[in-house]
Amino acid sequence: MATVCIGTVESSLRAVISSNKFSNERFMRAVDNGDIESAASWNAISGRSLMLGGFALANASEVDVPRKPKKPEFYQEMVKAIEEMRDLIKLQSSHGCNLMFCCSTEASEVGLVWS
């Protein structure tokens, strides 16, 4: 099953603020303990959040996919499908050209990201 999720700039900002608060506490604890390697794993997010759980609308649409899709063609086709619908997606968005698109890959829930 492949699903469509929609995140807004506002939902992204809320997720970034929450994540950065959580991470900053651990970052400072690691710095105070002199553990710079651990501190580096708690770096702040400086841009948009790609955590699907923080998106404004999760699972807006579902599509059945083959049990064993041909890779990487399957993921290339997902990108192409989004690109074919780009103009219609932009019409539905209040963010206009400030859109980011993403889709999963075999190795990652959010493996490909483009604007």
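The rules we used
- Residues numbered from 1 in each chain as written.
- Predicted model: local features only at pLDDT ≥ 70, side-chain atom pairs only at ≥ 80, totals over all residues.
- Heavy atoms only, no water.
- 1 Å grid on protein atoms, 1.4 Å probe; cavity = no way out; pocket = protein on both sides within 12 Å on 5 of 7 lines; lining within 4 Å.
- Points joined across faces, edges and corners; volume = space filled by probe spheres on them.
- Helix = DSSP H or I, 4+ residues; strand = E, 2+ residues; numbered from the N terminus.
- Disulfide = S-S within 2.5 Å.
- Buried < 20%, exposed > 50% of the residue type's maximum accessible area, 1.4 Å probe, protein only.
- Contact = heavy atoms within 4.5 Å.
- Phe/Tyr/Trp six-rings, centres within 6.5 Å; stacked < 30°, edge-to-face > 60°.
- Lys NZ or Arg CZ within 6 Å of the ring centre and 35° of its normal.

Undergrad: So, the layout of surface pockets: which residues are in play, and what are the values?
TA: Quantified by volume, the largest pocket comes out at close to 1200 Å³. Along the walls of the largest pocket sit 43 residues, with Thr3, Val4, Cys5, Ile82 and Cys102 positioned nearest its centre. Where the lining of the largest pocket is concerned, the elements lending two or more residues are strand 1 (2–6), helix 1 (9–32), strand 2 (57–63), helix 3 (73–84), helix 4 (86–92) and strand 3 (101–103). Looking at the lining of the largest pocket element by element, the count peaks at five residues for strand 1.

Undergrad: I'd like to hear about the state of the cysteines, residue by residue, with values.
TA: Summed over the entire model, instances satisfying the criterion amount to zero disulfides. Cys103 takes part in no disulfide bond, and the closest cysteine sulfur to it belongs to Cys102, at a distance of 7.4 Å. Here Cys103 falls in the buried class, since its relative accessible area comes to 7%.

Undergrad: Please set out the side chain of Ser23 residue by residue, giving values where relevant.
TA: Note that Ser23 resides in helix 1. For Ser23, the contacting residues outside a window of four places in its chain are Trp42 and Asn43.

Undergrad: How would you summarise the packing of aromatic side chains if you had to cite specific residues and measurements?
TA: Applying the stated criterion to the full structure yields three aromatic pairs. Ring geometry for Phe22 and Trp42: centres 5.8 Å apart, planes at 65°, overall edge-to-face. On the criterion of sequence distance, the pair formed by Phe22 in helix 1 and Trp42 in the loop between helix 2 (36–40) and strand 2 is long-range, its members being 20 residues apart. The exposure class assigned to Trp42 is partly exposed, which follows from its relative accessible area of 28%. Considering the side-chain rings of Phe74 and Tyr75, the 5.1 Å spacing of their centres and the 80° angle between planes classify their relative orientation as edge-to-face. Pair check on accessibility: Phe74 and Tyr75 agree, each one buried. The ring of Phe22 has Arg26 sitting right over it, with the charged end atom 3.6 Å from the ring centre.

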